[in-house]
Amino acid sequence: GPARRSDKGSAAGCQRGREMSAETRVDPEDGVAYTHDELLAYYKGKYSKAAVKTYWEDTCKHVKANGKAKAKAKARGKANGKAEPKDRAKTAKAKDNGRPRRAAVVVDPYSSGKYLLIELKKRKVPIICVRSSLKLSQQFLRSHEANSLFFSEMLEFEEYDGVPALVEKLKTLPYEIVAVFGGSEPGVELADQIGNALNLATVNPLELLEARKDKAEMQECLRRHGVPAAEQFKSGKLEELLDWASKRNDWPLVAKPTGGAGSDGVYFCKCAEDLTLAHKQIIGALNPTGKTNKELALQEFLAGDEYIVDTVSYEGKHLCVAMWVYTKRKGLPWDERAIISSQNQLLDPSGEKQDTLVDYVFKVLDCVGLKYGPCHTEVMFTPRGPILVEVNARLHGLQGPRLIELATGISKATYAADTLLSRGNLFHKLYQEGRPGRYLYPRLKHCVQLVLCCGAEGYLKNSIQDTIAALNLPSIIEILPAVEKGQFISRSRDLPTSSGSVLMVHESMEQIKEDTRKIREVEESGELYAVYEEPPVGSPLLSPARRRACSNMSEEALEPRIRLDSLEKMDELWASMNSLVPEAEAADGRQMEIVITGC
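Undergrad: Run through the overall build of the chain, naming residues and quoting values.
TA: Looking only at helices and strands, the chain has 23 helices and 24 strands in total. Relative to its full complement of 599 residues, the chain shows a buried share of 56%. The long-range fraction of contacts in the chain, counting pairs at least 24 apart against all pairs at least 6 apart in sequence, stands at 71%. Of the roughly 25600 Å² of accessible surface on the chain, 49% is carried by carbon and sulfur atoms.

Undergrad: Summarise the sheet that holds strand 15 (residues 335-346); cite the residues concerned and give the values.
TA: Across the sheet, eight strands lie side by side as 17-16-13-14-15-18-22-20; this open sheet has antiparallel pairing. In this open sheet, the two edge strands, each paired with only one partner strand, are strand 17 (385-392) and strand 20 (476-481). Direction aside, the axes of adjacent strands within the sheet are offset by 20 degrees on average. Note that strand 16 (residues 373-382) and strand 17 share seven bridges and pair antiparallel. Residue pairing in the sheet places Val379 in a bridge with Leu388 of strand 17.

Undergrad: So what's going on with the pairing of strand 13 (residues 305-314)? Which residues, and what values?
TA: The buried fraction of strand 13 amounts to nine of the ten residues, a majority that puts the element mostly inside the structure. By the bridge criterion, nine bridges tie strand 13 to strand 16 in an arrangement that is antiparallel. From the neighbouring strand, Asp310 faces strand 16, where its bridge partner is His376. Relative to strand 14 (residues 317-332), strand 13 runs antiparallel, the two sharing eight bridges. Looking at the pairing, Thr311 lines up with Cys320 of strand 14. Connecting strand 13 to the antiparallel partner strand 14 that follows it, the hairpin turn spans two residues, and Glu315 within it adopts a positive phi of roughly 55 degrees.

Undergrad: I'd love a proper account of the side chain of Thr59, names of residues and values included.
TA: If you trace the backbone, Thr59 turns up in the loop between helix 3 (49-58) and strand 3 (61-63). Classification of Thr59 as buried rests on a relative accessible area of 10%. Setting aside residues up to four positions removed in sequence, Thr59 forms contacts with Pro28, Thr54, Lys121 and Phe150.

Undergrad: Report on the environment of Leu116, specifying residues and quantitative values.
TA: Mapped onto the elements, Leu116 comes out in helix 6 (residues 113-122). Along the sequence, Leu116 and Gly182 sit 66 residues apart, while their C-alpha atoms lie 9.7 Å from each other. When residues no more than four places from it in sequence are discounted, the contact partners of Leu116 are Val106, Phe181, Leu395 and Ala413.

Undergrad: Would you mind going over the packing of aromatic side chains in detail, with residue names and values included?
TA: Under the definition given, this model contains eight aromatic pairs. Taking the centre distance of 6.5 Å and the plane angle of 80 degrees together, the rings of Tyr55 and Phe150 count as edge-to-face. Of the two residues, Tyr55 is situated in helix 3 and Phe150 in the loop between helix 7 (138-147) and strand 7 (151-156); the sequence distance between them amounts to 95 residues. By the burial criterion, Tyr55 is buried, and Phe150 matches it. Geometrically, the ring pair formed by Phe233 and Trp244 is stacked, given 5.9 Å between the ring centres and 15 degrees between the ring planes. Residue Phe233 is found in strand 9 (residues 232-235), and its partner Trp244 is found in helix 12 (residues 238-248); the two are separated by eleven residues along the sequence. Classification of Phe233 by relative accessible area gives partly exposed; the value is 25%. Directly above the aromatic system of Phe381 lies the positively charged group of Lys353, at a separation of 4.5 Å from the ring centroid.

Undergrad: So what about the state of the cysteines? Which residues, and what values?
TA: Tallied over the entire structure, the rule returns zero disulfides. In this structure Cys269 is not part of a disulfide, and its nearest cysteine sulfur, from Cys271, lies 7.9 Å away. Residue Cys269 is classed as buried on the basis of its relative accessible area of 0%.

Undergrad: Can you break down the packing of helix 8 (residues 162-172) against helix 9 (residues 188-197) residue by residue, with the values?
TA: Between helix 8 and helix 9, the shortest axis-to-axis distance is 10 Å and the interhelical angle comes to 60 degrees. With respect to each other, helix 8 and helix 9 are oriented oblique. Relative to helix 9, helix 8 is oriented so that their crossing is right-handed. Taking contact as the criterion, the partners of Val163, Leu166, Val167 and Leu170 in helix 8 are, on helix 9, Leu190, Gln193, Ile194 and Ala197. By residue class, the composition of the contact of helix 8 with helix 9 is seven nonpolar, one polar and no charged.

Undergrad: Outline the nonpolar core, listing residues and values.
TA: One finds Leu120, Phe181, Leu222, Met323, Trp324, Tyr360 and Leu421 to be the most contacted residues of the largest nonpolar core, which totals 73 residues. Once you skip the residues sitting within four places of it in the chain, Tyr360 turns out to touch Leu222, Val227, Pro228, Val379, Pro386, Ile387 and Leu388.

Rules and cut-offs
- Every chain begins its residue count from 1, and numbering advances along the sequence as written.
- Only residues with pLDDT of 70 or above have their local features reported here, since the model is predicted, and side-chain atom pairs are shown and tallied only from 80 upward, although totals for entire chains, interfaces and linings are computed over all residues.
- Remark: hydrogens and water are excluded; side-chain values derive from all non-hydrogen atoms of the structure.
- Secondary structure elements follow DSSP: runs of H or I no shorter than four residues count as helices, runs of E no shorter than two count as strands, and numbering proceeds from the N terminus.
- Buried, partly exposed and exposed residues are distinguished by accessible area as a fraction of the type maximum, computed with a 1.4 Å probe on protein chains only: under 20%, between the cut-offs, and over 50%, respectively.
- Should any heavy atoms of two residues lie within 4.5 Å, those residues are considered in contact.
- Computed by Shrake-Rupley with a 1.4 Å probe, the accessible areas treat only the displayed protein chains as cover when residues are assessed.
- DSSP bridges decide pairing: two strands pair if at least two such bridges lie between them.
- Geometry is summarised by axes, namely lines fitted to C-alpha atoms with helices restricted to the contacting stretch, and by angles between N-to-C directions that run from 0 to 180 degrees.
- Each Phe, Tyr or Trp ring (for Trp, its six-membered ring) is paired with any other whose centre lies within 6.5 Å, and the angle between the two planes then decides the class: stacked below 30 degrees, edge-to-face above 60, tilted in between.
- By definition, being over a ring means that NZ of Lys or CZ of Arg is both within 6 Å of the ring centre and within 35 degrees of the ring normal.
- Criterion for a disulfide: a pair of cysteine sulfur atoms at a distance within 2.5 Å.
- Note that the term roughly parallel is reserved for angles under 35 degrees, roughly antiparallel for angles over 145, roughly perpendicular for angles of 65 to 115, and oblique for everything else.
- Crossing handedness follows the turn of the near helix against the far one: under a right angle anticlockwise gives a left-handed crossing, and clockwise gives a right-handed one.
- Residues were grouped as follows: Ala, Val, Leu, Ile, Met, Phe, Trp, Tyr, Cys and Pro as nonpolar; Asp, Glu, Lys and Arg as charged; and all remaining residues, including Gly, as polar.
- For the purposes of this section, nonpolar cores are sets of buried Ala, Val, Leu, Ile, Met, Phe, Trp, Tyr and Cys residues that join through side-chain atoms within 4.5 Å.

The structure is reproduced here in structure tokens:
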């Protein structure tokens, strides 16, 4: 039969038979230019349209759609056979100078992990995907298909009898595995275990794994090293937690699962009743990392401003590659108890507060054994100085790596790949070895992630994305609505009920402020949130979570909403809000009470 390249050529020929002026891009699998329809025709039946679209937009390189490029594509399409990516990975020992080709393992490449896949693809590094569990949040699992075009191999950890068996399978593959990445929060622990089992040089020590994963242990680790930490108590028993809180008698407190993802399941407790509710919601629940919560950490409430410090490490030395500050709104005209993030802003690389934050975070990284790779550390700047919220040994979530690249010139995924794959070549150029001071990332542009806030309630008449896009604001690079036209929108009280976010990057902070003012203006005037009281024909069903978020609910029903949420979890929170089936029920068949958070 004809080779796959010939199949692709003939499929493409049908499209080329027509006069087309469509854009062409180079498929890095063979270095030849194709239109989107030609690429879609070849991969039809193997990958979904969404997966091909992601591959086209994020990986295939732009070229001019001219006759010469088309002729080259057609000629090579007829002359060369093309093995399918996965088949080629399994059958061909791609060798360089007689050695197996260098490859990387990426565990759970979800959320911002897609930027890591794009970076590895640019470096022509085969990617072996390992999924740690199928018991993760549906938002994580849904992204797997779209990312599948990047994978040379795909292994399910649950199909193997532990890490040793998985590592033995990895050793049979026709590659030299040179790095293991945690592609998102759920994959960090398994990535550390695999890297250590393979005896790789760029790994973090397993003896401090708990200090990097357990939210209570990381605080205790700091305390043992004399680094300021949050006061806390850890237990799975409600009586013990209530006893500690009663004796301390200093409310509010924060309750959080000891092992979760981001701020998942983090509750703000003003009294014993709140703590009882938090315990009920946390203990026994399946967290986004696929594990059941058995204990929670009850910590002092850290009053102050919240900061994010993005770092990358090599041989125990650290670079700060971005710093961010959160701004929150407390109290809204329709709900005086509301607490909602208003924006997240990239900071200048130096300053009195920035220098204090970086010094503190570098000490934290030393304490928890973060020697190699990226980290995303959350810190509260309190009256007694910076205090750790949590360490996340991974990339900045969601669009974080892309925003860092647009604003500073270097993606965090590039930093990560450099430290784990390329012997820290870039790291060594930037690190101030033998020079005074520390590396200061270049802030080439200002960057703000604006959180939208809706004061209306009903079925959305117009597209949020289209309405904001029509303003033609110079700083906007992406609009991410939480609710689509025709869906039910509720009044915003917290992050899950926010109406979306807008990513803004520009040379001028004044321009971003002016664009922000215009967006807030159409919000407050109601233009952005025109609604129908009754569902229009064809409107999606009202989800259980949206129904519970309606403002006409009783005060008693609204009172339990005490959970805190991180901007990194926006896409998961919004997906959960719009889901017609509660995620807990979909995962294990049990009906679980939905608690809308933050009020």
